[in-house]
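So the chains spell out like this:
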Amino acid sequence: MLKENKYYITTPIYYVNDKPHIGHAYTTIVADVLARFWREKLGKENVYFLTGTDEHGAKIAESAAKLNIDPQTFTDQVSKQFQLAWKNLDISYDQFIRTTDEKHKKIVQEILLKLKIAQTPNGNDTIYQADYQGLYCVGCEKFILESELVDGLCPDHKKVPQSLSEKNWFFRLADYLPSIINKIKNNELVIFPESRKNEVLGILEKQALPDFSISRSKLSVPWGIDLPWDKDQKAYVWVDALSNYITALDYPDGKNFQKFWPADCQLLALDILKFHAIFWPALLMALDLPLPKVLNIHGFFTIDGQKMSKTIGNVIDPNTLVETYGAESTKYLILSQFAFGAESDIRVEDFPAKYNADLVNGLGNLVSRVTNMVEQYLSGQVNLSKDINTEFVQSVHAKIEQLKFRDALLDIWKLIQNANVLVDTSKPWLLSKSENPADQKTLVEVLTTLSNDLYQIAFALKAFMPETAQAILNILTATEIKKPVEPLFKRLEN
Ligand code: MSP
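This structure is a prediction, so every number in the text was calculated from the model and none was measured.

Q: Hey, could you go over the pairing of strand S4 (residues 127–137) for me, with residue numbers and the actual values?
A: Bridge analysis of S4 against strand S6 (residues 162–171) gives ten bridges, and the strand direction is antiparallel. Residue pairing across strands places Leu 135 opposite Ser 163, the latter belonging to S6. Strand direction decides the pairing type here: S4 and strand S5 (residues 142–144), joined by three bridges, are antiparallel. Residue pairing in the sheet places Cys 137 in a bridge with Lys 142 of S5. The antiparallel pairing of S4 with S5 creates a hairpin that spans four residues between the two strands, and Glu 141 there sits at a positive phi of about 55°.

Q: Outline empty space enclosed by the protein, supporting the account with residue identities and numerical values.
A: Evaluated as defined, the whole model comprises two cavities of 30 Å³ or more. Taken as a whole, the largest cavity encloses approximately 50 Å³ of empty space. Taken together, His 56, Gly 57, Ala 58, Tyr 136, Glu 141, Arg 216, Val 221, Trp 223, Ala 235, Tyr 236 and Val 237 make up the lining of the largest cavity. The computed volume of the second largest cavity comes to approximately 40 Å³. Together, Ile 111, Leu 115, Val 239, Ser 243, Trp 280, Leu 283 and Leu 287 line the second largest cavity. Those elements that provide at least two residues to the lining of the second largest cavity are helix H4 (102–117) and helix H10 (273–286).

Q: How would you summarise the pattern of salt bridges if you had to cite specific residues and measurements?
A: Tallied over the full model, the rule gives 27 salt bridges. One salt bridge in this structure joins Lys 103 and Asp 250, with 2.6 Å as the shortest N-O distance. Taken together, the residues Lys 103 in helix H4 and Asp 250 in the loop between helix H8 (244–247) and helix H9 (255–260) connect sequence positions 147 residues apart. As a salt-bridge pair, Arg 196 and Glu 199 come within 2.8 Å of each other at their nearest N and O atoms. Within this pair, Arg 196 and its partner Glu 199 are both found in helix H6 (residues 194–206), separated by three residues, close to a single helical turn.

Q: Go over unusual backbone geometry with me, naming the residues and quoting the values.
A: With an omega dihedral of -5°, the bond running from Phe 192 to Pro 193 counts as a cis peptide bond. Summarising the element assignment, Pro 193 is placed in the loop between strand S7 (190–192) and H6. With an omega of 5°, the peptide bond running from Tyr 251 to Pro 252 counts as cis. Of note, the phi angle at Asn 68 is positive, near 65°, even though the residue is not glycine.

Q: Any details on the environment of Gly 380? Residues and values, ideally.
A: Considering the arrangement of structural elements, one finds Gly 380 in the loop between helix H13 (351–377) and helix H14 (391–401). Contacts of Gly 380, omitting those with residues within four sequence positions, involve Val 374, Glu 375, Thr 479, Glu 480 and Ile 481.

Q: How would you summarise the layout of surface pockets if you had to cite specific residues and measurements?
A: Quantified by volume, the second largest pocket comes out at close to 360 Å³. Along the walls of the second largest pocket sit 19 residues, with Phe 143, Leu 145, Pro 210, Asp 211 and Lys 274 positioned nearest its centre. Elements with a minimum of two residues in the lining of the second largest pocket: S5, strand S8 (212–213) and H10. A class-by-class count of the residues in the lining of the second largest pocket yields twelve nonpolar, three polar and four charged.

Q: How would you sum up the sheet that holds S7? Please name residues and give values.
A: Taken in spatial order, the six strands line up as S3-S2-S1-S12-S13-S7 in an open sheet, and their pairing is parallel. The sheet is open, and its two borders are formed by strand S3 (95–98) and S7, each paired with just one other strand. Taken pair by pair, the neighbouring strands of this sheet meet at an average axis angle of 20°, ignoring direction. Sheet topology places strand S2 (residues 47–54) next to S3; four bridges connect them, and they run parallel. Paired with Thr 53 across the two strands is Arg 98, which belongs to S3.

Reading the values: the criteria
Residues numbered from 1 in each chain as written. Predicted model: local features only at pLDDT ≥ 70, side-chain atom pairs only at ≥ 80, totals over all residues. Heavy atoms only, no water. Pairing = 2+ DSSP bridges. Helix = DSSP H or I, 4+ residues; strand = E, 2+ residues; numbered from the N terminus. 1 Å grid on protein atoms, 1.4 Å probe; cavity = no way out; pocket = protein on both sides within 12 Å on 5 of 7 lines; lining within 4 Å. Points joined across faces, edges and corners; volume = space filled by probe spheres on them. Salt bridge = Lys/Arg side-chain N within 4 Å of Asp/Glu carboxyl O. Contact = heavy atoms within 4.5 Å. Nonpolar A, V, L, I, M, F, W, Y, C, P; charged D, E, K, R; others polar. Axes fitted to C-alpha atoms, helices over the stretch in contact; angles between N-to-C directions.

Shown next as structure tokens:
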């Protein structure tokens, strides 16, 4: 059955080894905009937005041990910081899942048991036991091949991987690969943008991908979900984590699962593309479930060309941005800086000037000028068409659907700029003083155009800046239009 009138969107669940930074915030903000956009279109009850935290595995256990606290207390603390950051950014998720939730743990065990009895398309057991001898990078939480190392180090974490020799349970990936390649090629599983799709197909077609382990020895990773049939083993953290996208919906029998799976949009950055485009589809196929419709991949961004890291000390805390600019302006500043998908530098040093130019002098000033003039010259009365079926709104919405957030915002700010220019050139304050009836007519026309422009602008902004948009719509639809007492955006000091 095709389920078209619903929208299920997910972000990766973030590791709690560290507190939230602007990289996590970016993906979550994008998801928030899309969720809000689709709620307007499909109704609140037909949209489900999931985010959360990934709390098991060696990496988390090590971080807790360093602080001398038990892993549960540690993950409770850090997970709270993620929830607080998303509250500060006014993120409208429907569920915040934690992999330490009892419900999640129980369903993951059910999933593992289903995998245990599954057969591959070639009629082999999907899961088998084998000895593993090789290398493991705790930072990546993955087994790593000798050939992937650079100067003996993991290229992402610049650390020497651990050398392992364990008996683990393995997933027979090879048997699922032809089918995964097919589904990606014929866009049954869309990987967007196209360049990332080609990257995945490149990996699938050129490399002999080894089977992946679904468990780790309890002795080396004591912090995780028990493997139901082998008490010496814990579930591999990526199997635990990827499952969150369906455990959150109460797989297999939950109403939400029936209604919302498959996902319509799974957001992530390219760092975890392989897990989502190869391992995740394989797991789903082994469970006999449909694959997500679209994986939307964005770039990894840097600070002055460098990776964000505690060692370098260049980590940007989204809470600080919210304190300075407020939640909605922070979202605007981040999404308008570069196109979705791009690998780019985040330049927070550009934010103050952009905030003043676009929000204080651009949108804020337009709202106060137009409402002030309607209040003064037209006794607060103007004829609003409230037509939202315009080319402008449609074009902005089409861009949001295509994840072209920066372009959508550029369109909106172009109209803001044009409207501000119209105020400057038509000089309503002179027209209002003229006794000439033609001037009076022009005054009404100009202020009507400007008010309608503002209406369109506010409507188009809803998904990005819901409170600002609503505040403008409230002013415009009041029985008497009045200039707001407080400006929408406060000018920054210094
Ligand atoms: N826990 C895993 C994901 C499991 S999903 C089943 C994980 N966590 S993470 O905390 O490392 O988050 C990675 C994700 O955070 C990226 O895919 C991206 O969405 C976001 N980002 C983290 N740092 C980022 C940048 N510097 N730039 C852009 N996005 C970033 O991997």
